[in-house]
Amino acid sequence: MKVLENSSKHNTPKKQKTFQHYLPAGDRCYSCIHCRANLAAHADLISKSFQGSQGKAYLFNAVVNVGCGPAEERVLLTGLHAVADIYCEICKTTLGWKYEHAFESSQKYKEGKFIIELAHMVKDNGWDEQNDS
């Protein structure tokens, strides 16, 4: 992935490389099904009981290699939320969304958390050796 930055010498864009984040080897994680970039550690999984636009989705406390679009208000199954679409920084596939703001007090726990749809992720690293939970 490349980030363009203005060069002070000739006022032309300068290419700058952004590095992919890798989760610790051997730790169970979830990766992008399209490019296999690590997305989230299993330890950051909060819930498997969410619904995305393309089926089941998981709620995570933290993610890596993910970009975030602008926030917008959407009416979801649990009410009105301000959410921002998230995408894989490597292949640019939309993965789910980030909860920026919950308008109902019972939904405040979701703020700052991330939804990734199962259709866009795969289990990686160490799932064979450990109990699948």
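Right, let's walk through the structure included here. (Residues numbered from 1 in each chain as written. Predicted model: local features only at pLDDT ≥ 70, side-chain atom pairs only at ≥ 80, totals over all residues. Heavy atoms only, no water.)

1. So, the pattern of salt bridges
At step 1: One pass over the structure, following the stated rule, counts 5 salt bridges.
At step 2: Across the salt bridge formed by Asp85 and Arg74, the nearest N and O atoms sit 2.7 Å from each other. In this pair, Asp85 is assigned in strand β8 (residues 79–88) and Arg74 in strand β7 (residues 66–76), connecting sequence segments 11 residues apart.
At step 3: The exposure class assigned to Asp85 is partly exposed, which follows from its relative accessible area of 31%. (Salt bridge = Lys/Arg side-chain N within 4 Å of Asp/Glu carboxyl O. Helix = DSSP H or I, 4+ residues; strand = E, 2+ residues; numbered from the N terminus. Buried < 20%, exposed > 50% of the residue type's maximum accessible area, 1.4 Å probe, protein only.)

2. A few points about the environment of Asp27
At step 1: Inspection of the secondary structure puts Asp27 in the loop between β2 (13–17) and β3 (29–32).
At step 2: Once the C-alpha coordinates of Asp27 and Ala41 are considered, the two residues, 14 residues apart in sequence, prove to be 7.3 Å apart.
At step 3: Residues contacting Asp27, with those up to four places away along its chain left out, are Asp124 and Asn125. (Contact = heavy atoms within 4.5 Å.)

3. Quick word on the side chain of Lys113
At step 1: By the secondary structure assignment, Lys113 is in the loop between β9 (94–102) and β10 (114–117).
At step 2: Despite its burial, Lys113 remains without a salt bridge, the nearest opposite charge being carried by Glu111 at 8.5 Å.
At step 3: Look past the residues within four positions of Lys113 in its chain and what remains in contact with it is Ile46, Leu59, Phe60, Asn61, Trp97, Lys98 and Tyr99. (Lys, Arg positive; Asp, Glu negative; His and termini not counted.)

4. Some remarks on the sheet that holds β8
At step 1: The sheet built from 6 strands is open, its strands ordered β5-β6-β10-β9-β8-β7 with antiparallel pairing. Every interior strand has two partners, whereas the edge strands, β5 (45–52) and β7, have only one. Strand after strand, the sheet turns through a mean of 30° between neighbouring axes, direction not considered.
At step 2: Two elements, β9 and β10, share 3 bridges in a ladder whose sense is antiparallel. From the neighbouring strand, Lys98 faces β10, where its bridge partner is Phe114. (Pairing = 2+ DSSP bridges. Axes fitted to C-alpha atoms, helices over the stretch in contact; angles between N-to-C directions.)

5. Notes on the packing of aromatic side chains
At step 1: All chains considered together, the criterion is met by 4 aromatic pairs.
At step 2: Ring centres of Tyr30 and Phe60 lie 5.3 Å apart, and the angle between their planes is 65°; this geometry places the pair in the edge-to-face category. Note that Tyr30 is positioned in strand β3 and Phe60 in strand β6 (residues 55–60), a separation of 30 residues in sequence. This pair shows no difference in class: Tyr30 is buried, exactly as Phe60 is.
At step 3: On the basis of an interplanar angle of 50° and a centroid distance of 6.4 Å, the ring pair of Tyr58 and Phe60 is categorised as tilted. Take Tyr58 and Phe60: they sit in the same class, and that class is buried.
At step 4: Taken together, the ring pairs connect Tyr30, Tyr58 and Phe60 into an aromatic cluster. (Phe/Tyr/Trp six-rings, centres within 6.5 Å; stacked < 30°, edge-to-face > 60°.)

6. Concerning the sheet that holds β3
Two orientations exist for strands paired in a sheet by backbone hydrogen bonds: parallel and antiparallel.
At step 1: Strand order in the open sheet made by the 3 strands is β4-β3-β11, with antiparallel pairing throughout. Because the sheet does not close on itself, it has two edges, and the strands there are β4 (38–41) and β11 (121–124). Strand after strand, the sheet turns through a mean of 30° between neighbouring axes, direction not considered.
At step 2: Bridge analysis of β3 against β4 gives 3 bridges, and the strand direction is antiparallel.

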